[in-house]
Amino acid sequence: MRWIGRPTLGGKIEGQLPNNGSDASPPLPTHAVEDASRAAFGRRALLCGDDSFGWGGFMRRLAWGITVITAVGDVACVNDQVLVGDSVAGSEDGEAPAGEASEGGEASAGEAGDDAESSATASAGTGSGGLDSLSSGESGADEGDLPLDVHLAFEGMPTYSRFVRLTHDQWDSAARDLLRLEAAPGVAAAFSGDGRNGRFSNNEKDLSVSNALAFDYQQAAETLAAQVADNPEGLARVVAGTADGDSFVAQFGRRAFRRPLTPTELERFTNLFERGAELVGSGDEFVDGVRLVIESMLQSPHFVYRTELGPEDARLSGYELATKVSMLLHQTIPSDAMLDAADAGELDSRPGYELHVRQLLEAPQTVRAAQDFHGELFHIDRYQQITKDPEAFPTFNEALIPFLRSADLLFFEHVFADDLGVRGLLLSSRAYVNEATAPFYGLSAVGPDFQAVELDDARPGYFTRLGFLASHATMVDPNPIDRGRRLNTDVLCSSLSPVPGHVTLVPPPDPTWTNRQRVEAFTGEGTCGAGCHTQYINPLGFAFENFDAVGVLRETDNGRAVDTQSTYTFPDGPQSFANAPELLELIAESHQAHACYAKHLAEYMLARDITEGDLVQTLELASQSLADRSLQDLMFTLLSSPAFTTRNGGPQ
Amino acid sequence: MTRLRHLKPPMLRRRAFLGSAGLATIGLPFLEGLPERSAWAQGNTPTFGLFIATMLGVVQGDWPDEPDDRFWPTELGPLTTDSMRAFADERCTGLLADYADRLLIIRGVNYPPFGISGDSHALGLVQCLTAAEPVGITHDATSSAPSVDTFIADALMGPGSEPLTLYAGAKGGFINERLSFSAAGVVRSAEGNPYAVYRQLMGLSSTPGGLSDRLLLRRKSVNDVVHEELNELLGRSELSQADRIRLEQHFDAIRNLEQRITDMATSCSDGKLDLEALEALNEGNAFRANGTIEEVAKLQFELAALAFACNAARVATLQIGDAYEQTRYIIDGAVTTSFSHISHRVASDSSIGPPIPEALEWHTAIDRIRMESFRHLLDRWSEYTTEAGSLLDHGFAMWTNTLAGGPSHSFRNLPYIIAGSGGGVLRQGSYIDAGDVSNDRLLNTLMYANGVPMAEAGRLGTGEFLDLMLA
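Everything quoted here is computed from the prediction, not taken from an experiment.

## What to know about the overall build of chain B
- The helix and strand inventory of chain B stands at 13 helices and 17 strands.
- Burial analysis of chain B (471 residues in total) assigns 67% to the buried set.
- In chain B, once contacts between residues fewer than 6 apart in sequence are set aside, the share between residues at least 24 apart is 70%.
- Only carbon and sulfur atoms are counted for the fraction: they give 49% of the accessible area of chain B, which is about 14,900 Å².

## A closer look at the overall build of chain A
- If you tally the helices and strands in chain A, you get 26 helices and 13 strands.
- Here chain A holds 652 residues, and 64% of them are scored as buried.
- Here the analysis covers contacts within chain A between residues at least 6 apart in sequence; of these, 72% occur between residues at least 24 apart.
- About 22,100 Å² of surface is accessible on chain A, with carbon and sulfur atoms providing 50% of the total.

## What to know about the environment of A:Glu312
- Relative to the helices and strands, A:Glu312 resides in the loop between strand E6 (305–307) and helix H12 (318–330).
- A:Glu312 sits in the partly exposed class, given a relative accessible area of 38%.
- C-alpha separation for the pair A:Glu312 and A:Thr646, spaced 334 residues apart in sequence, amounts to 8.2 Å.
- Among residues more than four places away in sequence, those in contact with A:Glu312 are A:Arg162, A:Arg647, A:Asn648 and B:Glu238.

## Description of the packing of helix H4 (residues 168–178) of chain A against helix H5 (residues 211–230) of chain A
All names here are of chain A.
- Contact geometry of H4 with H5 gives a least axis separation of 12 Å together with a crossing angle of 20°. Judged by the inter-axis angle, H4 sits roughly parallel to H5. For the pair H4 and H5, the crossing hand works out as right-handed. Along the contact surface, H4 presents His168, Trp171 and Ala175, while H5 presents Leu213, Tyr217, Ala220 and Leu224.
- Counted by class, the contact of H4 with H5 contains six nonpolar, one polar and no charged residues.

## Considering helix H12 (residues 439–449) of chain B
- Across the eleven residues of H12(B), eleven count as buried, placing the element largely inside the fold.
- Burial in H12(B) covers these residues: B:Asn439, B:Asp440, B:Arg441, B:Leu442, B:Leu443, B:Asn444, B:Thr445, B:Leu446, B:Met447, B:Tyr448 and B:Ala449.

## Considerations on the packing of aromatic side chains
Residue and element names in this part refer to chain A.
- Under the definition given, this model contains 36 aromatic pairs over all chains.
- Ring geometry for Tyr462 and Phe463: centres 4.9 Å apart, planes at 75°, overall edge-to-face. Here Tyr462 and Phe463 have matching classes, each one buried.
- When the centroid spacing of 6.1 Å and the interplanar angle of 55° are considered together, the rings of Tyr462 and Phe468 count as tilted. For the residue pair Tyr462 and Phe468, the accessibility class agrees, reading buried in each case.
- The structure contains a cluster of three or more aromatic residues connected by ring pairs, namely Phe378, Phe411, Phe412, Tyr462, Phe463, Phe468, Phe544 and Phe547.

## Remarks on the state of the cysteines
- Enumeration over the complete set of coordinates arrives at one disulfide over all chains.
- One disulfide bridge connects A:Cys493 with A:Cys596, the sulfur atoms lying 2.1 Å from each other. The disulfide joining A:Cys493 to A:Cys596 has a torsion of about 80° about its S-S bond and is therefore right-handed. Here A:Cys596 lies in helix H23 (residues 591–606) and A:Cys493 lies in the loop between helix H19 (480–491) and strand E9 (500–505), a separation of 103 residues in the sequence. There is no split in this pair, since A:Cys493 and A:Cys596 are both buried.
- With no disulfide partner, B:Cys128 has as its closest neighbouring cysteine sulfur the one in B:Cys92, 17 Å distant.
- Classification of B:Cys128 by relative accessible area gives buried; the value is 1%.

## As for the confidence of the model for chain A
Residue and element names in this part refer to chain A.
- Confidence in the prediction for chain A averages 76 pLDDT; 73% of positions are at 70 or higher.
- With pLDDT under 50 throughout, residues 1–146 is counted as low confidence; its partners more than four residues away or in other chains account for 410 contacts.
- This model gives residues 499–505 a pLDDT under 50, and the stretch forms 48 contacts once residues within four places in sequence are excluded.

## Some thoughts on the sheet that holds strand E2 (residues 48–54) of chain B
Residues and elements named next belong to chain B.
- On the basis of which strands lie adjacent, the open sheet formed by eight strands has the order E3-E17-E4-E16-E15-E2-E10-E7 and mixed pairing. Each edge of the sheet is formed by a strand with only one pairing partner; in this case those strands are strand E3 (77–78) and strand E7 (164–168).
- When strand E15 (residues 395–401) meets strand E16 (residues 416–419), the two strands line up antiparallel, connected through four bridges. Considered in E16, the bridge of Thr400 is made with Tyr416.
- Here helix H8 (residues 293–309) sits on the sheet in contact with E2, E7 and strand E10 (315–320), set at roughly 165° to E7.

## Notes on the pattern of salt bridges
Residues and elements named next belong to chain A.
- Across all of its chains, the model carries 52 salt bridges over all chains by this definition.
- Close ionic contact of Arg405 with Asp381 constitutes a salt bridge, the shortest N to O distance being 2.8 Å. Separated by 24 residues along the polypeptide, Arg405 in helix H16 (residues 401–417) and Asp381 in the loop between helix H15 (367–377) and H16 bring together distant segments of the chain.
- Using a relative accessible area of 52% as the deciding quantity, one classes Asp381 as exposed.
- What you see here is one network of salt bridges that share partners, running through Arg162, Arg306, Glu308, Glu312, Lys324 and Arg647.

## Points about the side chain of A:Glu603
- Residue placement: A:Glu603 occurs in helix H23.
- In this structure A:Glu603 comes out as buried when scored by relative accessible area, which is 9%.

## Focus: empty space enclosed by the protein
Residue and element names in this part refer to chain A.
- Taken as a whole, this structure holds 16 cavities of 30 Å³ or more when the rule is applied.
- As a volume, the largest cavity reaches approximately 130 Å³.
- In terms of lining, the largest cavity is formed by 15 residues, of which the most central are Arg306, Glu308, Lys324, Leu606 and Arg608.
- Along the lines of polarity and charge, the residues of the lining of the largest cavity split into five nonpolar, four polar and six charged.

## Quick word on the pairing of strand E13 (residues 573–577) of chain A
- Bridge count for strand E12 (residues 566–570) of chain A against E13(A) is five bridges, and the pairing is antiparallel. In the strand pairing of E13(A), A:Tyr568 is matched with A:Gln575.

## A short note on the confidence of the model for chain B
All names here are of chain B.
- Confidence along chain B averages 84 in pLDDT terms, with 85% of residues attaining 70 or more.
- For chain B, strand E1 (residues 17–19) is the element with the lowest average pLDDT, namely 32, and E16 is the one with the highest, namely 98.
- Across residues 1–37, where pLDDT falls below 50, the model places 117 contacts with residues more than four positions away in sequence or in other chains.
- pLDDT under 50 marks residues 205–209. Its contacts with residues more than four places away, or in other chains, come to eleven contacts.
- Scoring the predicted complex yields pTM 0.74 and, for the interface, ipTM 0.76.

## What about the nonpolar core?
- The biggest cluster of nonpolar side chains holds 125 residues, and the ones touching the most others in it are B:Leu50, B:Phe51, B:Ile52, B:Ile106, B:Phe374 and B:Trp381.
- If one sorts the elements of this core by residue count, H8(B) sits on top with eleven residues.

## Some remarks on H5(A)
- Spanning 20 residues, H5(A) covers 29 Å between terminal C-alpha atoms, matching the ideal 28 Å at 1.5 Å per step.
- Burial runs high along H5(A): 18 of the 20 residues are buried.

## So, the pairing of E2(B)
Residue and element names in this part refer to chain B.
- Most of E2 sits inside the fold, with seven of its seven residues counted as buried.
- Neither face of E2 is open: one carries Phe48, Leu50, Ile52 and Thr54, the other Gly49, Phe51 and Ala53, and all of them are buried.
- When E2 meets E15, the two strands line up parallel, connected through seven bridges. Directly across from Phe51, in E15, lies its bridge partner Met398.

Rules used throughout
- Residues numbered from 1 in each chain as written.
- Chains lettered and ligands numbered in written order.
- Predicted model: local features only at pLDDT ≥ 70, side-chain atom pairs only at ≥ 80, totals over all residues.
- Heavy atoms only, no water.
- Helix = DSSP H or I, 4+ residues; strand = E, 2+ residues; numbered from the N terminus.
- Buried < 20%, exposed > 50% of the residue type's maximum accessible area, 1.4 Å probe, protein only.
- Contact = heavy atoms within 4.5 Å.
- Areas by Shrake-Rupley, 256 points an atom, 1.4 Å probe, with all protein chains shown as cover.
- Axes fitted to C-alpha atoms, helices over the stretch in contact; angles between N-to-C directions.
- Parallel < 35°, antiparallel > 145°, perpendicular 65-115°, else oblique.
- Left-handed = near helix turned anticlockwise from the far one by under 90°.
- Nonpolar A, V, L, I, M, F, W, Y, C, P; charged D, E, K, R; others polar.
- Phe/Tyr/Trp six-rings, centres within 6.5 Å; stacked < 30°, edge-to-face > 60°.
- Disulfide = S-S within 2.5 Å.
- pLDDT = per-residue confidence, 0-100.
- Pairing = 2+ DSSP bridges.
- Salt bridge = Lys/Arg side-chain N within 4 Å of Asp/Glu carboxyl O.
- 1 Å grid on protein atoms, 1.4 Å probe; cavity = no way out; pocket = protein on both sides within 12 Å on 5 of 7 lines; lining within 4 Å.
- Points joined across faces, edges and corners; volume = space filled by probe spheres on them.
- Core = buried A, V, L, I, M, F, W, Y, C linked by side-chain atoms within 4.5 Å.
- Expected span 1.5 Å × (residues − 1).

As structure tokens, this is what we get:
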């Protein structure tokens, strides 16, 4: 990432602001904005977002109508929050970001965006030949010249690490299969957490071995090795097919390291095996050797990391590919059959590799990858924070929260297993209910087990299920700002501004207002939120106003009819809708939603940030998605692509 | 440049903390049977530092609608128990009145004027212990330099040594831990489970029989193998700088683990640490459940002290809450809305949305709850004693917030409370105005108070110190 210019204060502040950044003056610190605002307005002043949100802004419009945000510094509106105390990015080289006040301080977002567009188009150097060439990738997609009008930010900074540490889930599942346990040991749940910078927890940048994690690995390795050694049946499974220390080291090591051991490694671990009696001392030299080797290999960097050690831009080795795809789809080590295929060189050819990828994709455990992807994309871990006012919602309690999560995981499984894609995610009538959750849908069910039901037209797709609705609400009311924000960022990849600029005097709330009226009063026309909120955030949230804070359908709010109508400005123009189902239909047909989904899917499956170098691949996926290809198909396309199969994702 | 005048910390006797000095409620038996490599056992006078960062600002009268200051002491100058009690009902720092003579409260400190733009939550968090210009402006924000605890750990424990990195509360996922940086752009994960911290510090073995000589030898042998493998990988020519950093971090982690095994495994006692509380918070991941944040913070205060006693760390950080802290506190018997909404004064995580009429009073109450938690640290740390004094004599705890105020989200006049003298280096019993300076000067001075030689302590920002902080 690069900053194209040093940020300066650029937000437009109505009133007396000593320096609005429209000249070459030095940048003002954030507090200057606040102080100026405070000085200008005596009371009840709100600092809030600039109007510069949108699909325009300071972005690069490429020849085929695709706008690419290449770096944070390029972007005037880049956040999914509207926050106080912030100012807009500017540039020291004289280029004004969208929304920055130009001479006279009155430039609008659109004006600035137009300027940026025209200058950026000339400098756009990535890609050529239009979408025809973009949508005909390795997978043979035939969507042809499908025109896309989308806006995507490619601000990522991948490290393209050669040592991608296993996630904790992967470690646990890998230990299960390596030790041939019946179930995952569950020890990794207590491992020290990772600092999270990326959207997904498998992002290479966040996966390192800290002091605490090294300790956790040691403890887990000792525990599991002891369990194997102390259990004759378990031990027999682990050592099956081996006759002595040498053969055990070779066989176990091949599965632990996901490749044959080198002669040096064979000697190293054989020597360690032979010290078992000394270092364990149970009286059974073979068992002690096995235990010591297990302890050691579970802590080895060759087990802990998935490695890519070949030349830059070259195809990964068969062993590396076997591990990469197995870890992604099944969160575990490659099967013996997969390793055998690597031994035989089958994974070195594209047809052979793709055959095995198909088999992996069709395996039932691949559902887990689809669940993880959507669960993290839509932040379902946040459900644990749901709290509702017991007086307003006496039937909602904390015991429901795990059910909300489970139901959504089943829904994601449905999308994957039933060959659905983005449209299914947004529009499927399927839901999963049990006796606790069914009443919230106006249904009844028996028992704690979930059963599949088809809901009516009022509740299409994931975003009308209880989990999303209840987790994007206050204790009492729906939160259209939060709901709208999530759809903007997670589904449409729109960039919301953190930029304050205006200061607006706002009226006191009226106790007779509906929730929507309250939100509009403070964020709608005539307020400082008119830009971001009126066009982008609120409309998407208002569509769901007929779902209360726990997701139950309602017709009135505060004694008045709920109003779910609104208009949202898509990249290709504003579109009106009457309610959530109509909105979700529009989103399902928008190029932007498919492109956004493609970008997120690529980020998850490549386990790294996405850059402008991934543009071609992302657009191919988007085209396929728009053509109603299933999630499984999109995953296959990615797994077959050079972005996945080559070191560094192929030539950049 | 303002330079720190040289002060020699008072010498402490080799025999370190002895225990509770007669107090029955002592949580930790400081330093029973110290290992030979302990900082305490080398005739040194070690000092310890804990950097605590809370979120979402305090109520300090920096918002047009809220002119009343409910945080700072009423007058600059000496702090006494009586003077602090006099404003304890109106201003939360008064709740620390019993420790007036151990406090240094500092106003007039800001983040450096980088002129940056973006999400104040993220930017404030990133700058809090780095005083460095952030890279990225929202959930992608990271630091362009290591944080102060990294410099301290490197200087006092050797390059590659890790500070203790703690956390309290749930991690919402948008901007989680972002306080401690091992290098530019490399954030440390922070452990939020006190039980896990305890296990790591005590080196508890799940192996029956505990840490036998044979087990210690086995661990060493396994670690030797891992080190060999890492060395081989580090010898490869095709690695990028990022790859090397990752492997070196792993290498150092194994080395540190081995050193801890060797030094501490048989000598560090948990004393009267509340194991039941630790286990209760571990059960069902209660440590990250809504509403346990303050209990977790209190235990982390004690565990930091245990880490110091066990020579596992000389410096620690504790981030309390994530950048959009969603804790729902119980105030006057009722569960409030999320703290983030309260801080913004509206029912959203932004500046705009339906107002929350009670928000100011709730934020005031939350400030007082947080100050009561910090008082718990003072209670405990003053009990951990040697014949030469308490942990407050041997170290310091810095309490701050990543933002100055709630709705203002300001980076100016950040709240700083420093408890403890840092081995006699820091001024005590004072409320001072630093005079509109950047936090690099404060952090550099604390680096020195933590025991880093003066010549090496000015690692942040301009390299300047803040003389006013000195005794």
